[in-house]
Structures are given as structure tokens and as C-alpha cells.
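Chain by chain, the residues run as shown.
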Amino acid sequence: MTFSPDSPHVAEVLASANRGERIGGPTDLLILHYTGMATGKDALKRLRDPSAEVSAHYLVFEDGRVVQLVPEAERAWHAGRGFWAGITDINSRSIGIEIVHPGHVGGLPPYPDAQVRAVIALCADIVGRNAIPAARVLAHSDVAPARKEDPGENFPWDRLAAAGIGHWVAPAPIRDGRFFARGEEGEPIAALQAMFALYGYDQPVTGRFDEGTRAVVTAFQRHFRPARVDGVADSSTITTLRDLIAARPG
């Protein structure tokens, strides 16, 4: 079982059986993950193990080597249950990149420079060939905020943005002042929730800052305001969200 690589950045094709047919809609999302495992060898084994029922289109090792596991034309099993901007079958609409990294359980070390450069090159190729909009280059935690943390708050989204990949604005400075946190209710909370929903997050507008809202705020901070990830909607978080919405094309 083999296939031709989709990207010129692929060093090797090691096909995974954990794949299927895409169901409806264009391929217009790119989802980045970390493996959360001790070694790349362990991650590669799991992504190809039929009993694990998980895969991704690409796996990027610490030294920058890229392995393709699933053809882009097919549905890899990387995102699980998720949501973005009305899309509930994330796997059918996305390309998934797993990045070898031990994750939060491994102390969240820095991503190696060679690996980041390889991810940038691979992402640039993927979004160019598939016409994926900048605002649809996302973290796994963006599409599954209650379940996932990857690729984590130390992933260099700003470096990707400098290379023309993804949607980004400079995070607003962290200052003292009014903030919203779990347990609060009222119109300001509803307005905040509406902003997150407008950007694409799975955020019902209830007017109650509940655990689901805290998870969305945390996911947003991991991606767009990583200096402080606490699930509290302070002025920096809200201003950064507002600026992203204002800067989004279309």
C-alpha cells in the first residue's frame, strides 16, 4: 500500500491504513498538532497502527524530516470530534500535520528550529496548492478546545505568520483592568461569546461564562495571546480577538 507524495517536501511515504473517503465540502482547513509522545518513532508507529484508529496526512520530525502517511485527497483520522465555523466533520474538510513533540506532559520544550522551518515550508506548499484561507490554519485546540491543548502555547505561530501562513495580529499588551471569568453572567459575556462564535469557535451565546467558555478562551490564548494562558478574558485577550476579527479578509 503506497502512493505518490503530494508535497515536494516529503522525504518518505509510509502509508497508514487509518484513512477513508472525504465527505462533502472543499478541503479548506489545515490543522496543526503535536504528537504528545516521547519519540517520533513511537508516534509514527501509533499513526500507522490500525488498532489506534488515528493518523494524519503528515508527520514532521525534530530534524525537519517530513513523512506522508495519508494522501491529501483522502480523509485522515487526526482531529476527532471538533467544530469550526459551522463545520462539524473536521477530518473531511482538513489536512492534518502532526509535529513530533512531547507536549505539555513532556514539559513543553521549545520546537527545534529545523522542525519549525520544515513546518513552515510544508504549510506554505499545502495552503498554496489547496487555496486554504489564512484564518483556517488552526491549532487542534482551536477546533476541540474542551479536549485538546496542542500544538501548545509555545508553538511559534508568529513565525508562520511572518512567512505568510495563518491569521495573526500582534497580541495586545497585558494590563490590569476589567476582566471576565468563570461564573460571571450578563450582556458583556454574551457579547464576548458572540465574538468568539463569529471568529469560528464552538461558542454558544448564553450570557454565562461557564466551563465551555473558559475552554474557548484558553484555546484562543494558546494560539493568539500565548504570554498568559489562564482562561480569563482580560482586556488583552478581548482586544486581540477584536483585532483579529477586524483584520480577517472578507
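Coordinates for the structure precede this section.
Residues numbered from 1 in each chain as written. Predicted model: local features only at pLDDT ≥ 70, side-chain atom pairs only at ≥ 80, totals over all residues. Heavy atoms only, no water.

### Describing the sheet that holds strand β1 (residues 12-13)
Within a sheet, neighbouring strands are paired by backbone hydrogen bonds and run either parallel or antiparallel to one another.
Step number 1: If you walk across this open sheet you meet the six strands as β1-β5-β4-β7-β3-β8, and the pairing is mixed. Edge positions in the sheet fall to β1 and β8 (137-139), since each of these pairs with one other strand and no more.
Step number 2: With three bridges joining them, strand β3 (residues 29-34) and β8 adopt parallel strand pairing. Bridge pairing in β8 places Leu 32 opposite Ala 139. (Pairing = 2+ DSSP bridges. Helix = DSSP H or I, 4+ residues; strand = E, 2+ residues; numbered from the N terminus.)

### Considering the pattern of salt bridges
Step number 1: For the coordinates displayed, the defined rule picks out 17 salt bridges.
Step number 2: The closest approach of N and O atoms between Arg 129 and Asp 125, which form a salt bridge, is 3.1 Å. One end of the pair is Arg 129 and the other is Asp 125, both in helix α3 (residues 113-130) and four residues apart, which spans about a single turn.
Step number 3: Under the relative-accessibility criterion, Asp 125 is labelled buried at 15%.
Step number 4: Between Glu 149 and Arg 222 there is a salt bridge, with its nearest N and O atoms 3.4 Å apart. Within this pair, whereas Glu 149 is found in the loop between α4 (140-143) and α5 (157-162), its partner Arg 222 is found in helix α7 (residues 211-224), the two being separated by 73 residues in sequence.
Step number 5: Overall, the relative accessible area of 35% leaves Glu 149 in the partly exposed class.
Step number 6: By relative accessible area, Arg 222 is classed as buried at 11%.
Step number 7: When salt bridges with common partners are traced through the structure, they connect Asp 28, Arg 93 and Arg 136 into a single cluster. (Salt bridge = Lys/Arg side-chain N within 4 Å of Asp/Glu carboxyl O. Buried < 20%, exposed > 50% of the residue type's maximum accessible area, 1.4 Å probe, protein only.)

### Observations concerning the environment of Asp 142
Step number 1: Checked against the element boundaries, Asp 142 lands in helix α4.
Step number 2: Taking relative accessible area as the criterion, Asp 142 reaches 0% and is therefore assigned buried.
Step number 3: Sequence-wise, Asp 142 and Glu 98 are 44 residues apart; in three dimensions their C-alpha atoms are separated by 15 Å.
Step number 4: Discounting residues that sit within four places of it in the chain, Asp 142 has contacts with Phe 83, Trp 84, Tyr 201, Ala 219 and His 223.
Step number 5: At 2.6 Å, the side chain of Asp 142 and the side chain of Tyr 201 are in polar contact. (Contact = heavy atoms within 4.5 Å. Polar contact = N/O pair within 3.5 Å; in protein donor to acceptor, adjacent residues only side chain to side chain.)

### Some words on the layout of surface pockets
Over the atoms, a rolling probe the size of a water molecule traces out where space has been left empty.
Step number 1: By volume, the largest pocket amounts to about 350 Å³.
Step number 2: Along the walls of the largest pocket sit 23 residues, with Tyr 34, Thr 35, Glu 98, Lys 148 and Asp 150 positioned nearest its centre.
Step number 3: Listed by contribution, the elements that provide at least two residues to the lining of the largest pocket are β3 and α1 (40-47).
Step number 4: As a volume, the second largest pocket reaches approximately 230 Å³.
Step number 5: If you go around the second largest pocket, you meet 19 residues; those closest to its centre are Val 143, Ala 144, Pro 145, Ala 146 and Asp 202. (1 Å grid on protein atoms, 1.4 Å probe; cavity = no way out; pocket = protein on both sides within 12 Å on 5 of 7 lines; lining within 4 Å. Points joined across faces, edges and corners; volume = space filled by probe spheres on them.)

### Quick notes on unusual backbone geometry
Step number 1: Pro 151 follows Asp 150 through a cis peptide bond whose omega is 5°.
Step number 2: Within the element layout of this structure, Pro 151 appears in the loop between α4 and α5.
Step number 3: You will see that Ala 85, though not glycine, has its phi angle at about 50°, which is positive.
Step number 4: On the basis of relative accessibility, which here comes to 41%, the residue Ala 85 falls in the partly exposed class.

### Things to note about α7
Step number 1: End to end, α7 covers 20 Å across 14 residues, agreeing with the expected 20 Å (1.5 Å per residue, within 8%).
Step number 2: In terms of burial, α7 is largely enclosed, as eleven of its 14 residues are buried.
Step number 3: Every buried residue belonging to α7 is among Thr 213, Ala 215, Val 216, Val 217, Thr 218, Ala 219, Phe 220, Gln 221, Arg 222, His 223 and Phe 224, and all of these are buried.
Step number 4: Tucked into the core, α7 has its buried residues touching β8, α4, α5, α6 (187-199) and α8 (235-247).
Step number 5: Of the residues that open α7, the one with a side-chain oxygen 3.3 Å from the backbone nitrogen of Gly 212 is Asp 210. (Expected span 1.5 Å × (residues − 1).)

### Observations regarding the pairing of strand β7 (residues 94-99)
Step number 1: Of all six residues making up β7, six are buried, and the element is well covered by its neighbours.
Step number 2: On β7, burial covers both faces: Ser 94, Gly 96 and Glu 98 on one face and Ile 95, Ile 97 and Ile 99 on the other are all buried.
Step number 3: As paired elements, β3 and β7 share six bridges and run parallel to each other. Of the residues in β7, the one forming a bridge with Ile 31 is Gly 96.
Step number 4: Across three bridges, strand β4 (residues 58-60) lies against β7 in parallel orientation. Residue pairing in the sheet places Leu 59 in a bridge with Glu 98 of β7.

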